[in-house]
Amino acid sequence: MDYALLAEQFFNGFQLGIILFLVAAGLTLVFGIMDLVNLAHGTLYMFGAFFAATFSMVTGSMFLGMLFALPVTLVAGMLMEWSLLRTLYQRNHLDQVQVTFGLIIFFNELFLIAWGPEGAAIQLPDYLQGTTPLFGDVVVPDYRLVIITSGLLVALGLYFLVSKTRIGMLIRAGASNREMVAALGVNIKMLYTVVFGLGAALAGFAGMIITPITQAESGMGEGILILAFVVIVIGGIGSIRGAFIAAIITGLIDTLGRSFIDVAMLAVMDTEGAETAGPAISSMLIYIIMAVVLAVKPQGLFPPKGA
Amino acid sequence: MGKILSLMKTPRGIYNTILVLLCLSMPFLAPAIEQDFYRDVMLRAMIFAIATISLNLIMGYGGMISFGHAVYLGVGGYAVGILSYHGIESGWIQWSVGIIGSGLLALLFGAICLRTKGVYFIMITLAFAQMIYFLSVSIEKYGSDDGLNIDTRSNFGIEAFDLNDPMTMYYTAFVLLMACLYFSHRIVNSRFGMVIRGSMSNDDRMGSIGYPTYPYKLAAFVIAGMMAGLSGILSANFESFVSPDMMFWTTSGEMIFMAVLGGLGTIFGPLGGTMIFLILSEMLSNITEAWHLIFGPFLIVVVLFARGGVEGIIGKFEKRND
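Treat the numbers as computed from the prediction; the structure is a model and nothing was measured.

### Let's talk about the domain arrangement of chain A
Residues and elements named next belong to chain A.
And then number 1: Taken domain by domain, chain A holds domain 1 (26-218) and domain 2 (219-307).
And then number 2: The centre of domain 1, based on its C-alpha atoms, is set 22 Å off from the matching centre of domain 2.
And then number 3: If you look at the interface, domain 1 gives 22 residues, while domain 2 gives 17 residues.
And then number 4: Within the residue set of the side of domain 1 that touches domain 2, elements represented by two or more residues are helix 1 (3-34), helix 2 (41-59), helix 4 (93-115), helix 5 (142-164) and helix 6 (166-176).
And then number 5: Considering only residue class, the side of domain 1 that touches domain 2 consists of 13 nonpolar, eight polar and one charged.

Right under this line is the structure:
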């Protein structure tokens, strides 16, 4: 076994887990509190990526670009909620799914026209292009460490926001009993808009920090959205803690599976069989795990209390 | 016959009759107005309508919002594609493998998904469909992303029945579409259908009056999967091509919209919705390449303001006349 490769894939998986958590946290908050199935959550991820890429180009600095893009994504999300999605709270899930599906179709096409099929990229500044030696001959790209650290910091910040502040208290109260919070005189409309904006900013942040590695392109949000669904189904809808643990597990299993399953398959079958079955099984791995979790705990690993 | 004639007196009855007559006459109508390609558009719509009808059966009558129904299209299609790749061109084998295969997959997915409710169900059906999509992308032998060309259409070994003949292909799809419409009408109005509809309006109450709704819903889910598999088989035959795209999640999303556009929980609604959707997208894409820019908002407006779809709108007109 190649330990350098294992360590590298471990960091890749952890990084995917962090990105998944940032997307899934907003999704699960919005669903837990507003009972809204928002397929267009991946669109907000795409917003973050494109806005950051564009602002980086204008300002010439990746950091400044992201700093400007974050509030813009937040406002874009709040506008989306205020103008359209607000009317969906009284509707059933089928209507919600379709309207947000319509939003995806619209924005994917709009961004395709505005930025072209090649999308937009963010140039990584020189001081982040190096690598850091960890132990032995294992090295990690600096920017990968930045992604993981900043993601963990955001997760920590979210934890404090939800568990220690007044707005967090309202969010928790809203998640367990919406009607009662409204009856106690809280401006529930405002709270919903704020929560949606928060979710949008988290997704947008995920989209922008991954763009220097990948690229911003139209339709980038849907792949991550479906993985985020898997995450919150495993973690339990409405639970941020569940989303975090499930996201890290999903990220690690998906990434490690893709690089090591064919090696493992070689032990039980010949080369040709392993080369066919390896990619097939590793592409299905997380869905199989989701099925197993559901078979054992249909509410997910961490069902939120009071739901 | 008298019963059918009396149905035609209502606006919805007239609308439904027009739909069927359009399907029946398009091979002659299209050349008459010198728009030959409309025959293919209509054939495609009829084939896809079979899948939409099957989705309506579980979604419109059973409240099971499957966001992964396109996966059974793929199973049906790939059954034809893969068997023909290995030189098995018999329609009897291809079609039975396709229909039984999609039924078995629906049984497996349904057994897991139906343990959950509401939004979980939506997300899990979507995730499982994506799993099969990624599976089809990952197998290079059968074309990966590029899909699989099918050299020859299913061969049933009957001289007079050759799917390579365009008219035979068209009317085979037409007859199967009519059969599916009739079948779904019979299911919905059977005791079995009553249980499904009952569980949609109140699952707990159905349980407490003594119906274990799980096996009923699972049976409906499997029937719908097999019907969608049939649609995939026809599609593979008509296009002579299958690709992972036919089970991509956007196809499932469009399928939901077609059923809603036509009118959920009505027998002819999915047929009308599919025809309108495919003809409209054909026309829009002729006007501009960026037709999704129009289509997205159109979808939103229909969902927000046109409750009950086309059938619902015509139905309102009906009451005013009475």
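Past the structure itself, the notes keep going.
### Re the environment of A52 of chain A
All names here are of chain A.
And then number 1: Of note, A52 is situated in helix 2.
And then number 2: Owing to 30 C-beta atoms within 10 Å, A52 belongs among the buried residues under this scheme.
And then number 3: Once you skip the residues sitting within four places of it in the chain, A52 turns out to touch G65, M66, A69, I122, M208 and T211.

### Considering the interface of chain B and chain A
And then number 1: Chain B puts 36 residues into the contact, and the matching count from chain A is 33 residues.
And then number 2: Contributions of two or more residues to the side of chain B that touches chain A are made by helix 6 (118-138), helix 11 (249-262) and helix 13 (292-305) of chain B.
And then number 3: If one sorts the elements of the side of chain B that touches chain A by residue count, helix 6 of chain B sits on top with 14 residues.

### Notes on the packing of helix 3 (residues 37-59) of chain B against helix 7 (residues 166-188) of chain B
All names here are of chain B.
And then number 1: Where helix 3 meets helix 7, the axes come as close as 10 Å, and the angle between the chain directions of the two elements is 20°. Compared by their axis directions, helix 3 and helix 7 come out roughly parallel. Between helix 3 and helix 7 lies a crossing whose hand is left-handed. Each of R39, L43, M46, I47, A49, I50, I53 and L57 in helix 3 lies in contact with helix 7, whose residues at this interface are Y170, A173, F174, L176, L177, C180, L181, S184 and I187.

### A short note on the pairing of strand 2 (residues 138-141) of chain A
Residues and elements named next belong to chain A.
And then number 1: Pairing analysis gives four bridges linking strand 1 (residues 131-135) to strand 2, with the strands arranged antiparallel. When the sheet's bridge partners are listed, T132 is paired in strand 2 with V140.
And then number 2: Taken together, strand 1 and the strand that follows it, strand 2, pair antiparallel across an intervening segment of two residues, in which G136 is found at a positive phi of about 55°.

### Describing helix 2 (residues 11-32) of chain B
Residues and elements named next belong to chain B.
And then number 1: The terminal C-alpha atoms of helix 2 lie 27 Å apart, and with 22 residues this falls more than 12% below the ideal 32 Å at 1.5 Å per residue.
And then number 2: Of all the bends in helix 2, the largest measures some 70° and sits at M26, one to four residues before the proline P27.
And then number 3: The set of residues buried in helix 2 consists of R12, N16, L19, C23 and M26.
And then number 4: E34 occupies a position one or two residues after helix 2 and carries a positive phi of about 55°.

The rules we used
Residue numbers here run from 1 along each chain, matching the order of that chain's written sequence. Written order decides the labels, with chains lettered from A and ligands numbered from 1. Residues qualify for local features only when their pLDDT is at least 70, as the model is predicted, and side-chain atom pairs are given and counted only at 80 or more; totals for whole chains, interfaces and linings, by contrast, use all residues. Just so you know, the domain bounds were taken from an automatic or database domain assignment. Contact criterion: two residues are in contact if their C-beta atoms, reconstructed from the backbone, are within 7 Å. Secondary structure is summarised from DSSP: a helix means a run of H or I of at least four residues, a strand means a run of E of at least two, and numbering begins at the N terminus for each. Residue classes follow a fixed rule: Ala, Val, Leu, Ile, Met, Phe, Trp, Tyr, Cys and Pro count as nonpolar, while Asp, Glu, Lys and Arg count as charged, and any other residue, Gly among them, counts as polar. Put plainly, a residue is buried at 20 or more neighbouring C-beta atoms within 10 Å of its own, exposed at 12 or fewer, and partly exposed in between, counting only other residues' C-beta atoms, which are placed from the backbone. Structural elements are reduced to axes, namely lines fitted to C-alpha atoms, with helices fitted over the stretch in contact, and the angle between N-to-C directions of any two is expressed from 0 to 180 degrees. Angle categories: roughly parallel below 35 degrees, roughly antiparallel above 145, roughly perpendicular from 65 to 115, and oblique for all the rest. The handedness criterion is simple: a crossing whose near helix is rotated anticlockwise from the far helix by less than a right angle is left-handed, and one whose near helix is rotated clockwise is right-handed. Two strands are said to pair when DSSP picks up at least two bridges between them. Expected span of a helix: the number of residues minus one, times 1.5 Å. The bend reported for a residue corresponds to the angle between axes fitted to the seven residues ending at that residue and the seven starting there.

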